[in-house]
Amino acid sequence: MIFTQPSEPTNAFHSSEMMGKNMVETLNWVVDKFDACLDHREISLLLAKDEIRKGLLKLNVGKSVRVRILTEITNENAAEINKIMPNAEIRHLDNIRSNFVVADGRQYLGYAFSNTVQPHGISTNTKVIVDAHQFLFEFLWNASVPAEIRMGQLERNLPVEKTEILYGQENIVKHFLYDLKYAQERFDSCTDFTGPSLFVDSPIWSDYSELPKRGIRLRFITEINRDNMKYCEKLLKVCELRHLEKVKGNFGIIDGRSYGAGSSAEEGQAPAQLIRSNIRAFVEQQQYFFETLWNKALPAERRIEQIQRGTDEEFIDTIKDPHEVQKLTYELIKSSRVEIMIICATSNAFLRQVRAGSFKLLERAAADNGVCIRILSPSNKKILSFTQRYDKSTFKFHNQIKIKHLKEDLQTKISLLLVDKKYSLAVELNDDTKGRTVDAIGFGTYSNSKSTVLSYASIFETLWRQSELYERLEQLNEELRLRDVAQREFINTAAHELRTPIQPILGLSEIILKSNKDEDLKEYLIIIARNAERLHRLTNNILDVTRIEGRILRLDKGIVDLDNLISSLVTEYQTSIEQNEIGKVRNKDDDSVNKEGKKLFSQVYYRRSADVSPVMIELDRDRIIQVLSNLINNAMKSSNKRRIVGNDEIFPIEVFMKKDDSSEEITIKVRDGGTGIDKSMTGKLFTKFVTTTDGGTGLGLYVSKNLVEAHGGKIWAYNNSNGRGATFCFTLPLKTVPRALSSER
């Protein structure tokens, strides 16, 4: 059927028959959509008429028209609703009192029913009326509940879940009193500091104060201060009241099933807007929030007592918004009157606060209120440059603002602000690479808890004292460094000066020994030469120590036949022994002879391992000779201390060389038959000024260790298993080259 524009844009009907006929006609011509809003009585009447029910069913089946029906679904009409649910979209809305239809967005049908007169209806295609009711339908449709959900609620005997907004103070008070009337178990309220006056100085009070008489538990959370304390004292007579610092929001929960939240209002007045909801999941969530706040809140009796005594309530708040954290930082600095203590997590954290303007506020606090400010921060070049302007010549608050630098091992991931030892603000660091404080920080913990603040203050004082100690230690270290440099320079100069007279003594002694025939004079000259040589070694050791500690020791490496080097050195030692120049063995009863009158001397042997063929190795020839000489000389001194027992007249010193194929090293050992290494030398044998012999300086082994390690080797020692003497060993990295590349100096 083609829709025909009526001759009159609006028609009125005054009987149910006419309205039913008009509905059937509309169902016949509609082609796109059919939207109906009907109260629970009308939908039952319409569905009871066969022609209307059949017309609704044909719309969806035959014409593919979208059918939407909005009504109040009750136990009385649920059966009829179930019959048409497969062919229409049906939703539920409480207390619908309108009956109208909008067809294809072009035609409006409206109905009015009364118990005393005939029903009336109107039909119109006037665009403004049709559009207005189409808008009304869409608004109600979006605020409604799908029929499937409502049916389930009816089956389980549950109330309709919905959320609505109420406007107007009188309307809000009316609904609030209605909700109180049907409360059964408890009523929980949470308001800001204006809430107590709303409950006490309003029409609500008479009904609210009667609830406990019905066995209903009342709980109330608010911020209690001097201004609202008289209202809170009155509330305390009828409900459980608790205090929470700076609580925001106004909401209440009845029996854990109905939630209401109002906007902020003037003292003693109801809010202008109120959100009501009985959606179960939402109400349970808000109930959880209330319980969390309740457990955190302070009993009203204690808070009132604090106000009367003039003391502050202790609190610990977590602030999640970085902007709020920065704002609180400014407020705390401005409120300071005595002292501010700051710990910056990183040097960047310090610089970010400078850029944010916090330092300007610190200067103002020092200038206006005489606040003493101490700052601990890790340091870098930018911070050192910044803090230089706070010296006495450029900054008049120098004695009030002090900055000390934290060492790396004392740094934390928390920045800390302490004000007057009353308030603390600890802020975690999230991303130190960010340029702005609000982008770099995370949560902040704000508290006036005495134990918390004093604990932070104790940590600050400990770090401050440690920073002072570090500064003092750095000064002392610098003084010691300068003294050490001066001492090394003196020793180096003295050693060089000693070498000047020693050289002629050694040279002239050797010339006289070769040309002189007097045996007595020869013995004296040998003594002079021996001690001059000893002094020469001591001077060289002192010079080497200064080079080692000054990190200026240099090796003059070349390719050397190590087997030939050791063999030549041992031969020189044995020749000197045979010429009675070194190595004389002393008897326990006589310094020069034994009981048979025979002079005794040590012997030095070089024993190459059978698996070691002549090898060429890269090393500093003179330095390795110096190491071997130190070890052989020490072995001879140790042997000379050993007593002669029976026929044991010779105490050999053996030098070994062995190749270690697995590690590509050459190992050189010097073994003696002397007194061995004293147990007291364990762990410190190769350190400065430690010696195993009488009269030694303890420098030879220290120098030898550093020379070996400079070649890439290692050195160690142990007592022989037979109980006689010790063995000193050192290794050198093996680097074999063709014989033709040999280049001995």
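Think of each chain on its own: its residues are numbered from 1, step by step along the sequence as written. In keeping with the predicted nature of the model, local features appear solely for residues at pLDDT of at least 70, side-chain atom pairs appear and are counted solely at 80 or more, and the whole-chain, interface and lining totals rest on all residues. The side-chain quantities take in all heavy atoms of the structure and omit both hydrogens and water.

Peer 1: An account of the state of the cysteines is needed here, citing residue identities and associated values.
Peer 2: Note on disulfides: each one is a pair of cysteine sulfur atoms within 2.5 Å. Under the criterion given, the structure shown has zero disulfides. Distance from the sulfur of Cys239, which forms no disulfide, to the nearest cysteine sulfur (Cys232) is 8.9 Å. For Cys239, a relative accessible area of 7% corresponds to the buried category. Here's how the labels work: a residue is buried when its accessible area is under 20% of the maximum for its type, exposed when over 50%, partly exposed in between, all with a 1.4 Å probe on protein chains only.

Peer 1: If you had to explain the packing of aromatic side chains to someone new, which residues and values would you point to?
Peer 2: Stacked, edge-to-face and tilted labels apply to pairs of Phe, Tyr and Trp rings (six-membered ring for Trp) whose centres lie within 6.5 Å, assigned for plane angles under 30 degrees, over 60, and everything in between, in that order. Counted according to the given criterion, the structure contains 17 aromatic pairs. When the ring of Phe137 is compared with that of Trp141, the centres are 5.7 Å apart and the planes differ by 20 degrees; the resulting orientation is stacked. Placement of both Phe137 and Trp141 in helix H5 (residues 127-142) is noted, with a separation of four residues, approximately one turn of the helix. Trp141 carries the same exposure label as Phe137, and that label is buried. Consider the rings of Phe199 and Phe220, whose centres lie 4.9 Å apart with planes at 80 degrees: the pair is edge-to-face. Here Phe220 lies in strand E11 (residues 217-222) and Phe199 lies in helix H8 (residues 195-200), a separation of 21 residues in the sequence. Each member of the pair, Phe199 together with Phe220, is buried. An aromatic cluster is built from Phe176, Phe187, Phe199, Trp205, Tyr208 and Phe220, whose rings are joined through pairwise contacts. Here, a charge over a ring means that NZ of Lys or CZ of Arg falls within 6 Å of the ring centre while also lying within 35 degrees of the ring normal. The side chain of Arg68 reaches across the aromatic face of Trp141, ending 5.3 Å from its centre. For helices the rule is a DSSP run of H or I covering at least 4 residues; for strands it is a run of E covering at least 2, with both sets numbered from the N terminus onward.

Peer 1: Tell me what's going on with the nonpolar core, and back it up with residues and numbers.
Peer 2: Side-chain atoms within 4.5 Å are what join buried Ala, Val, Leu, Ile, Met, Phe, Trp, Tyr and Cys residues into a set we call a nonpolar core. Among the nonpolar cores identified, the biggest contains 46 residues, and Leu562, Ile566, Leu628, Val655, Ile668 and Phe730 are the most heavily contacted of them. Any two residues whose heavy atoms approach within 4.5 Å are treated as being in contact. Among residues more than four places away in sequence, those in contact with Leu562 are Val615, Ile617, Leu619, Met657, Ile666, Ile668 and Leu732. By size, the runner-up hydrophobic cluster in this structure holds 30 residues, among which are Leu38, Val101, Tyr111 and Met151.

Peer 1: A description of the pairing of strand E30 (residues 726-733) should follow, citing residues and the corresponding values.
Peer 2: By the criterion of burial, E30 is predominantly enclosed, with seven of the eight residues buried. In short, DSSP must find at least two bridges between two strands for them to pair. As defined by bridge partners, strand E28 (residues 665-671) adjoins E30 across seven bridges and the pair is classed as antiparallel. When the sheet's bridge partners are listed, Ile668 is paired in E30 with Phe730. Connecting the antiparallel pair strand E29 (residues 715-719) and E30 is a turn made up of six residues, with Gly723 showing a positive phi of about 85 degrees.

Peer 1: Please set out the packing of helix H13 (residues 322-335) against helix H15 (residues 358-369) residue by residue, giving values where relevant.
Peer 2: The relative placement of two packed helices comes down to the angle between their axes together with the axis-to-axis distance. It is at 9 Å that the axes of H13 and H15 come closest, and there the two elements cross at 15 degrees. Taken as axis vectors, H13 and H15 run roughly parallel relative to one another. The two elements H13 and H15 cross, and the hand of that crossing is right-handed. On the side of H13, the interface is formed by Gln326, Thr329, Tyr330, Ile333 and Lys334, while H15 contributes Ser358, Leu361, Leu362, Ala365 and Asn369. Note on geometry: axes are C-alpha line fits, over the in-contact stretch for helices, and angles between N-to-C directions span 0 to 180 degrees. Each angle receives one of four descriptions, namely roughly parallel if under 35 degrees, roughly antiparallel if over 145, roughly perpendicular if within 65 to 115, and oblique otherwise. Less than a right angle of anticlockwise turn of the near helix away from the far helix marks a crossing as left-handed, whereas a clockwise turn marks it as right-handed.

Peer 1: Provide a residue-level description of unusual backbone geometry, including the pertinent values.
Peer 2: A positive phi is found at Asn95, a non-glycine position, where the angle reads about 60 degrees. Counting through the fold element by element, Asn95 comes out in the loop between strand E4 (89-92) and strand E5 (99-103). Positioned with a positive phi, Asp104 is a non-glycine residue whose angle comes to about 55 degrees. Tracing the chain through its elements places Asp104 in the loop between E5 and strand E6 (107-112).

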